[in-house]
Amino acid sequence: MDTTTPPEAAARAAPSAPSDNAIPIEAWNTILFEKFCRFRFVLTQGLSDHSTELLRRRPYPAGTRVLDVGCGFGDTTQQIARQAGPGGTAVGVDCASNFIEAAARETAESGLQGASFFVADVQADDLRGPYDAAFSRFGTMFFNLPGLALRNIRRALRPGGELTMIVWRRREDNPWIHDAELCVREIVPVVSHEESNQVHCGPGPFSMASADMVSDMLRAAGYERISFERYDTDICLGRSLEDAVDFAMALGPAGEIIRLAGEDRQKRRPQVVAALRKRLGTSLRADGVWMGSSSWFVSARNPAH
Ligand SMILES: C[S@@+](CC[C@H](N)C(=O)[O-])C[C@H]1O[C@@H](n2cnc3c(N)ncnc32)[C@H](O)[C@@H]1O
């Protein structure tokens, strides 16, 4: 299994132009990796509802070679490798070596064949194609130059190969992270990424919510036959109200406002916890706190000629 970090990725240590991904890559490899480990149960269950539905609607035929973009812990890469079978292959790529190490280790432990992983910035690096298809579950919304990244993905596809990506729809239809954001904004002063000296995730989870904007971007990147399918499902934020409040305070836009708040963070913590308990408490059921989420299944084809 190839888990090597290309020298270009290792060399991208110092932040440089705003167009490159040095800052988000550092964030994904440090603060966000730690948070994703801590709340992995929410993410693997909640996010996998979306990918399981997509892979059920459009399974990859046996023998397909698939690139999994921004693969994180690699659970979708594993699922795709199982679908594509012995003749196929699923290759997970992520800019954060910590995610890739975890994905490679867990895949090796499971004994699964046909899945491999490598570290690369999808916007800038060679993606080791050609692939029959590219897939991404919430891994394409964080590039500083998304048009360039989408073009790079297309160049790694064979003629006629298809990109399918799952991206969040508008925040108003994603109360599972937007409600907490509204709540926290009323209490904690918002510090922008420009004002803070903290690393951050890049453009953010809702950067591909507009179907018009994304379809224009895909066309400009050379894709054709672009389509959008909406998918809605409830996500469990925690098995208890306490767990859900912890999650809301750590991840998503609310978690980001709290993280960047500096001194204000501790001072306002009791008020934030009380407000979140009240807000999220309205969605508490016998088996946990469940709230709505909504994504686009976006597909686009690399022209055959
Ligand atoms: C929201 S997480 C999704 C992870 C995984 N697909 C999942 O659904 O659990 C976004 C992923 O995209 C990766 N990512 C962000 N920017 C990237 C880039 N420029 N190149 C490659 N991967 C990137 C992050 O490291 C992270 O693992």
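A few points on the structure.

The rules behind each value
- Numbering of residues begins from 1 in every chain and follows the order in which that chain's sequence is written.
- Residue-level local features of this predicted model are given only where pLDDT is at least 70; pairs of side-chain atoms are given and counted only at 80 or more, and the full residue set underlies all totals for whole chains, interfaces and linings.
- Defining nearness, a residue is near a molecule or strand when the C-beta atom obtained from its backbone falls within 6 Å of it.
- In DSSP terms, a helix is any run of H or I states spanning at least four residues, a strand is any run of E spanning at least two, and both are numbered starting from the N terminus.
- Amino acids outside the nonpolar list (Ala, Val, Leu, Ile, Met, Phe, Trp, Tyr, Cys, Pro) and the charged list (Asp, Glu, Lys, Arg) are all regarded as polar, and Gly is one of them.
- Contact between residues is assigned whenever the C-beta positions, reconstructed from backbone atoms, fall within 7 Å.
- One requirement defines pairing of two strands: DSSP has to find at least two bridges between them.
- Seen with its strands pointing away from the viewer, a crossover is right-handed if its path from the first strand over the helix to the second goes clockwise.

Section: the site of the ligand
- As a structural note, the neighbourhood of the ligand is formed by 21 residues, with Trp 28, Gly 70, Gly 72, Cys 95 and Val 122 the closest of them.
- The set of elements that each furnish at least two residues to the shell around the ligand consists of helix 2 (22-29), helix 4 (40-57) and strand 2 (89-94).
- Of the residues contributing to the shell around the ligand, the split by class is 13 nonpolar, 5 polar and 3 charged.

Some remarks on the environment of Leu 280
- Mapped onto the fold, Leu 280 is located in helix 12 (residues 263-281).
- C-alpha of Leu 280 to C-alpha of Ala 244: the two residues are 36 residues apart in sequence and 7.5 Å apart in space.
- Apart from the residues within four sequence positions on either side, Leu 280 is in contact with Leu 237, Leu 241, Ala 244, Val 245, Ala 248 and Val 289.

Some details on the pairing of strand 5 (residues 157-168)
- Direction of pairing for strand 4 (residues 131-137) relative to strand 5: parallel, over a ladder of 6 bridges. Within strand 5, the residue paired with Tyr 131 across the bridge is Leu 157.
- In this view, the connection linking strand 4 to its parallel neighbour strand 5 by way of helix 7 (residues 146-155) has right-handed handedness.
- Of the pairings in the sheet, the one linking strand 5 to strand 8 (residues 288-301) comprises 7 bridges and is antiparallel in character. Residue pairing across strands places Met 165 opposite Val 298, the latter belonging to strand 8.

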